[in-house]
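Spelled out, the chains give:
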Amino acid sequence: RMWSKAKDIYLACKIISSQDHTQEEEANYLELGAANGTATRLICKQNRKIHITCMDTCRHLCKENRNLSDEEGLRAQIDIHPGSIEMLEPDHSHFFDGCIVHVCKTFQTFKKAYSVTKGGGWLLISNLMQGSGSMDGDLSGYH
């Protein structure tokens, strides 16, 4: 079941990476719960004008993300920050064109994601863990 949800995320990544950006314009996205960066690299490979800031609370996954991104020649497009969205500096207010949220434990995460997204930007909410028995992945309270 989780993999069928992941397939939907893959389609969302294709849509994100195919958005039209002018020659001078670079899109800046934030990915929360980026894990080892599989979605990040998929998006960045398809559009060199996209820059993604990845955040994950697991330092091991962040290190793996950095290594894989470097191996695939994507270092210039991908920044990796261990930690949670609450750790973002205030200068990121209304900075990102879009935000991909893979994990969410509190409503505060949504509020912070909204505050760092530009007006007219978007939030893509991915809840791969819903129905898995994991309380951390259950967003049913936010519907």
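This text goes with the structure placed above it.
Below, the structure is looked at part by part. (Residues numbered from 1 in each chain as written. Predicted model: local features only at pLDDT ≥ 70, side-chain atom pairs only at ≥ 80, totals over all residues. Heavy atoms only, no water.)

**Digging into the environment of His-51**
Okay, so step 1: Inspection of the secondary structure assignment puts His-51 in strand β2 (residues 50–56).
Okay, so step 2: For the pair formed by His-51 and Leu-30, sequence separation is 21 residues and the distance between their alpha carbons is 8.6 Å.
Okay, so step 3: If we ignore the near neighbours within four places in the chain, the residues touching His-51 are Glu-26, Ala-27, Asn-28, Tyr-29, Ala-76, Gln-77, Ile-78 and Asp-79.
Okay, so step 4: A polar side-chain atom of His-51 sits 3.5 Å from a polar atom in the side chain of Asn-28.
Okay, so step 5: Within the structure, the side chain of His-51 is placed 3.1 Å from the side chain of Asp-79, a separation counted as a polar contact. (Helix = DSSP H or I, 4+ residues; strand = E, 2+ residues; numbered from the N terminus. Contact = heavy atoms within 4.5 Å. Polar contact = N/O pair within 3.5 Å; in protein donor to acceptor, adjacent residues only side chain to side chain.)

**Overview of the pairing of strand β3 (residues 78–82)**
Okay, so step 1: By the bridge criterion, five bridges tie β2 to β3 in an arrangement that is parallel. Pairing of Ile-52 across the sheet is with Ile-78, part of β3.
Okay, so step 2: At this point the chain moves from β2, through helix α3 (residues 59–71), to the parallel β3, and the crossover so formed is right-handed. (Pairing = 2+ DSSP bridges. Right-handed = clockwise from strand over helix to strand, strands pointing away.)

**Some remarks on the packing of aromatic side chains**
Okay, so step 1: Following the criterion strictly, the structure yields two aromatic pairs and no others.
Okay, so step 2: Aromatic pair Tyr-29 and Trp-122: ring centres 5.0 Å apart, planes at 55°, arrangement tilted. With a gap of 93 residues between them, Tyr-29 in strand β1 (residues 27–32) and Trp-122 in strand β5 (residues 117–125) connect regions that are remote in the sequence.
Okay, so step 3: Centroid distance Phe-95 to Phe-96: 4.9 Å. Interplanar angle 90°. Geometry classified as edge-to-face. (Phe/Tyr/Trp six-rings, centres within 6.5 Å; stacked < 30°, edge-to-face > 60°.)

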